[in-house]
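# Observations on the model geometry
Listed below, chain by chain, are the residues.
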Amino acid sequence: MTKVLTDARSIRIKGRSFLAVVLSPDLPFEDWLGRLDDLASRSAGFFLGRPVVLDLAGLDIDRAQLKEFLEELAKRNVSVMGVEGARPSLIGPGMPPALKGGRASSDVDVSEVPATVTAAPEKAKDEKSSEKEADAPQPVIMESRPQLQSLMIREPVRSGQSVIFPEGDITVIGSVASGAEVIAGGSIHIYGALRGRALAGSLGNAAARIFCRKMEAELIAIDGVYKMADDMPETLHGHPVQLWLEDDAIMAEKIN
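Residues numbered from 1 in each chain as written. Predicted model: local features only at pLDDT ≥ 70, side-chain atom pairs only at ≥ 80, totals over all residues. Heavy atoms only, no water.

### A look at the sheet that holds strand β4 (residues 98-99)
The condition that has to hold: Only when DSSP finds a minimum of two bridges between them are two strands counted as paired. Secondary structure elements follow DSSP: runs of H or I no shorter than four residues count as helices, runs of E no shorter than two count as strands, and numbering proceeds from the N terminus.
As summarised here, the arrangement of the four strands in space is β1-β2-β3-β4, forming an open sheet in which the pairing is parallel. The open sheet terminates on both sides in strands that have one partner only, identified here as β1 (21-23) and β4. By the bridge criterion, two bridges tie strand β3 (residues 79-84) to β4 in an arrangement that is parallel. Of the residues in β4, the one forming a bridge with V83 is A98.

### Brief notes about the pattern of salt bridges
Under the convention used in this document: The term salt bridge refers to a side-chain nitrogen of Lys or Arg lying within 4 Å of a carboxyl oxygen of Asp or Glu. Burial status follows relative accessibility: with a 1.4 Å probe on protein chains alone, a residue under 20% of its type maximum counts as buried, one over 50% as exposed, and anything between as partly exposed.
Taken as a whole and judged by the stated rule, the model has seven salt bridges. Between R197 and E218 there is a salt bridge, with its nearest N and O atoms 3.8 Å apart. With R197 in strand β11 (residues 197-200) and E218 in the loop between β12 (210-215) and β13 (219-222), this residue pair connects regions lying 21 residues apart in the sequence. Of the two residues examined, R197 and E218, each falls in the buried class. Here K214 and E216 are joined by a salt bridge, their closest N and O atoms 3.4 Å apart. Among the charged side chains, a salt-bridge network with shared partners connects D37, E72, K75 and R76.

### Points about the packing of aromatic side chains
Going by this rule: Aromatic rings from Phe, Tyr and Trp, with only the six-membered ring used for Trp, were paired whenever their centres fell within 6.5 Å, and each pair was classed as stacked if the ring planes differed by under 30 degrees, edge-to-face if by over 60, and tilted otherwise.
Under the definition given, this model contains two aromatic pairs. Note on F29 and F69: the rings are 4.0 Å apart at their centroids and 15° apart in plane angle, and the pair reads as stacked. Of this pair, F29 sits in helix α1 (residues 29-42) while F69 sits in helix α2 (residues 63-75), placing them 40 residues apart in sequence. Given a relative accessible area of 9%, F29 falls into the buried group.

### Here we look at unusual backbone geometry
Going from L27 to P28, the amide bond is cis rather than trans, its omega being -5°. Positive phi is not limited to glycine here, since N77 has a value of about 60°. Positive phi is not limited to glycine here, since D247 has a value of about 55°.

### Considerations on the nonpolar core
For clarity, the threshold we go by: We define the nonpolar core as a collection of buried residues of types Ala, Val, Leu, Ile, Met, Phe, Trp, Tyr and Cys that are connected through side-chain atoms lying within 4.5 Å of one another.
Ranked by internal contacts, the top residues of the largest apolar core, which has 31 residues, are I170, L194, I220 and L243. V52, L56, F69 and V80 belong to the second-largest nonpolar core, a separate cluster that totals 20 residues.

### Examining the confidence of the model for the protein
Test applied: Each residue carries a pLDDT score, the predictor's own confidence in it, on a scale running from 0 to 100. For this analysis, residues touch if any pair of their heavy atoms sits within 4.5 Å.
Of the residues in the protein, 71% have a pLDDT of 70 or more, and the chain-wide mean is 76. Predicted confidence is poor over residues 140-148, with pLDDT under 50, and the contacts of this stretch with residues over four places away or in other chains come to 15 contacts.

### Some points on the sheet that holds β12
Picture the strands of a sheet paired through backbone hydrogen bonds; they go either parallel or antiparallel. What counts is decided by this rule: Only C-alpha atoms enter the line fits that serve as axes; for helices the fit covers just the stretch in contact. Angles between N-to-C directions range over 0 to 180 degrees.
Spatially, β6-β8-β10-β12-β15-β16 is the arrangement adopted by the six strands of the open sheet, whose pairing is mixed. With partners counted over all chains shown, the strands left at the sheet margins are β6 (150-153) and β16 (249-254), one partner each. Put simply, the sheet's adjacent strands are angled 25° from each other on average, direction ignored. Summarising the sheet, strand β15 (residues 241-246) and β16 pair through six bridges and their orientation is antiparallel. Residue L245 lies in a different strand from β16, and its bridge partner there is I250.

Pasting the structure below:
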């Protein structure tokens, strides 16, 4: 006899893959939180609404310390979706679940580096109205087929937008406004002003580069190494620039 195995009360469960930021704190937590506050103060809204995984591998802490640390992160609007590399005894009731099997990527480094630089899309609004938009990007993951190696955005990326393409390069025919961000698994090419954030090599590609026609970025990153606007030489501001990674430091030069 044939039986119906589903009915109106059935629950449908699907798999999804999401891009998350991995934070790898070190001890003492107070000092690390101070550095996190510095990053957040210079890049408003960077963690707002963004999923975060906490990597605790190698840290000798107890459950009370972890609970207090999670509370401090919550005060900073850092939403921890899971904990990786923690002993099972550390995870208690009400804490984010333990995670395993995440795809490896590069560590995020917000420390100082040498002064050599030690430096779906919508129609753009005018610059003044764009600057009044909210700082926190609203992630818009561009749909793509596996065989694609590049994504071309034919219009400016306005404030509040986040264009993410892990499969390869992103080319923007226009500017990236303040409060917007572009995240690519490969290189980023911007044929206009870069006023927002550009993160190249997001899945561990140290050979990725960033090219822009006018450098006014809030933040740039290559393979997990970050640089804030305040840390970039004034000589680069407003000029065509290319940036690359060399010995874990972001290097830059003007393009003639």
